[in-house]
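Structural overview for review
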Amino acid sequence: MALPLIRTKHVNAIFSFGDSYADTGNFAFLASPVLNDTIWTSKPPYGETFFHGPNGRCSDGRLVIDFIADEMGLPFLPPYLSHNESFSRGANFAVSGATALDFEFFVKNNLTSRDIINSSLRVQLSWFDELKPSLCSTPGDCWDYFGKSLFVLGEIGGNDYAYMLFFGWSVEQTMAYVPYVISIISSAVEMLINEGATAIVIPGTWPAGCAPINLAINMNASIDAYEPQTGCIKALNELHRSHNIKLRFEITKLRLRYPHIALIYTDYYSLTIDFLLFPERFGFIRAPLMACCGNGNNQYNINLTEACGMPGVSACQDPSTYVSWDGAHMTEAAYRYIASSWLRGPYADPPILLALRD
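Below, the structure is looked at part by part. In this text, all values refer to a predicted model and were calculated from it rather than measured experimentally.

Let us look at the packing of aromatic side chains. Overall, the coordinates contain 35 aromatic pairs when judged by the stated rule. Ring centres of phenylalanine 128 and phenylalanine 151 lie 5.8 Å apart, and the angle between their planes is 85°; this geometry places the pair in the edge-to-face category. Of the two residues, phenylalanine 128 is situated in helix α4 (residues 121–131) and phenylalanine 151 in strand β3 (residues 149–153); the sequence distance between them amounts to 23 residues. With 4.9 Å between their ring centres and 80° between their planes, phenylalanine 275 and phenylalanine 282 make a pair best called edge-to-face. By the burial criterion, phenylalanine 275 is buried, and phenylalanine 282 matches it. Clustering of aromatic rings is evident, with ring pairs tying together Phe15, Phe17, Tyr80, Phe87, Phe93, Trp127, Phe128, Tyr145, Phe146 and Phe151. Above the face of the phenylalanine 278 ring, arginine 281 is positioned so that its terminal group lies 4.3 Å from the ring centre.

Printed below as a string of structure tokens:
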């Protein structure tokens, strides 16, 4: 039985937070003074499928948040740091590379490089706070305005674990910080509820052990390091499964505390695994663990020194037949399936459209 569609008037705006899975251009604005001409996601062939050119998104086209906005009858969310846009119908605070834990944590633990920019979830929430006076003038107006908005809180947390592992921490060391990441996400949910939010989408993380870039980094691992069914890296996927299990438990607790708030858990992980196990079902006729855009002479099409967007690195002819766009992010085709599964089910608890109906 088809779910009833939400009427657009019930969602006046969407406010999105997170990392590169939701960023619609903030990283380009934030990083330009630091990284200058090395922001490869701002160069072709990024954006080629839908936007016909780079647009700040880490894909060949639209992201999950774009499809959700379109379903709600709203425009694509402008990046907050553009400053020259109207934010009355929503804003995107997500930044590629963003973390849940504060920047100071990574500095203190020597987990930083010039590519890590202070764009944590706390920073993004402070931008939201800065934007509020331009959206509503009184506490009552704000309560009403945000009560008729949809908030999407992530994906967030994946970069925290990636930075820890990249700088030499073991999976076991990294696993110990999962509860801290979950606590920050939970606090953010409560902050938004206290602002008047009545509907919050809270995505889990995706199976990082299936990312072509991580598979290329670990090409010399023993056969026991891989999941036999998917070919993904066991330890990385166990880390992200642990995050998702703990996140779902935390959401259950929050629902008991706030029974009248729609708290929607959405699942990147399970559908991504389905992409790999049953690729033909989704039209992914190419090797599901291979990146579309890359320059690698291996089964993952990944060259660790020649990334997508660099000179001489080309994309595949038809990205819609691939799950992975650049080895770290998905194609528009994959994001379209994910968005639909969040809006209508089954990879959302509850499906967004069901949670928002009258």
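On to the sheet that holds strand β1 (residues 13–17), then. Here six strands make up an open sheet; going across it, the order is β2-β1-β3-β4-β5-β6 and the pairing mixed. Either end of the sheet is taken by a strand with one partner, and the two such strands are β2 (90–92) and β6 (348–349). Direction of pairing for strand β4 (residues 199–203) relative to strand β5 (residues 262–266): parallel, over a ladder of five bridges. By the bridge assignment, valine 201 is partnered in β5 with isoleucine 264. Helix α2 (residues 64–71) rests against β1, β2 and β3 of the sheet, and its axis sits at about 170° to β1.

The end-to-end C-alpha separation of helix α8 (residues 178–194) is 25 Å, in line with the 24 Å expected for 17 residues at 1.5 Å each. For α8, the set of buried residues is Val178, Val181, Ile182, Ile185, Ser186, Ala188, Val189, Leu192 and Ile193. Seen end-on, α8 carries its buried residues on one side only, within an arc spanning 155°. For α8, the exposed residues set more than 90 degrees away from the buried face come down to Tyr180 and Asn194. Positioned one or two residues after α8, glycine 196 has a phi angle of 115°, which is positive.

Calculation criteria
- Residues numbered from 1 in each chain as written.
- Predicted model: local features only at pLDDT ≥ 70, side-chain atom pairs only at ≥ 80, totals over all residues.
- Heavy atoms only, no water.
- Phe/Tyr/Trp six-rings, centres within 6.5 Å; stacked < 30°, edge-to-face > 60°.
- Helix = DSSP H or I, 4+ residues; strand = E, 2+ residues; numbered from the N terminus.
- Buried < 20%, exposed > 50% of the residue type's maximum accessible area, 1.4 Å probe, protein only.
- Lys NZ or Arg CZ within 6 Å of the ring centre and 35° of its normal.
- Pairing = 2+ DSSP bridges.
- Contact = heavy atoms within 4.5 Å.
- Axes fitted to C-alpha atoms, helices over the stretch in contact; angles between N-to-C directions.
- Expected span 1.5 Å × (residues − 1).
- Arc of directions from axis to C-beta.

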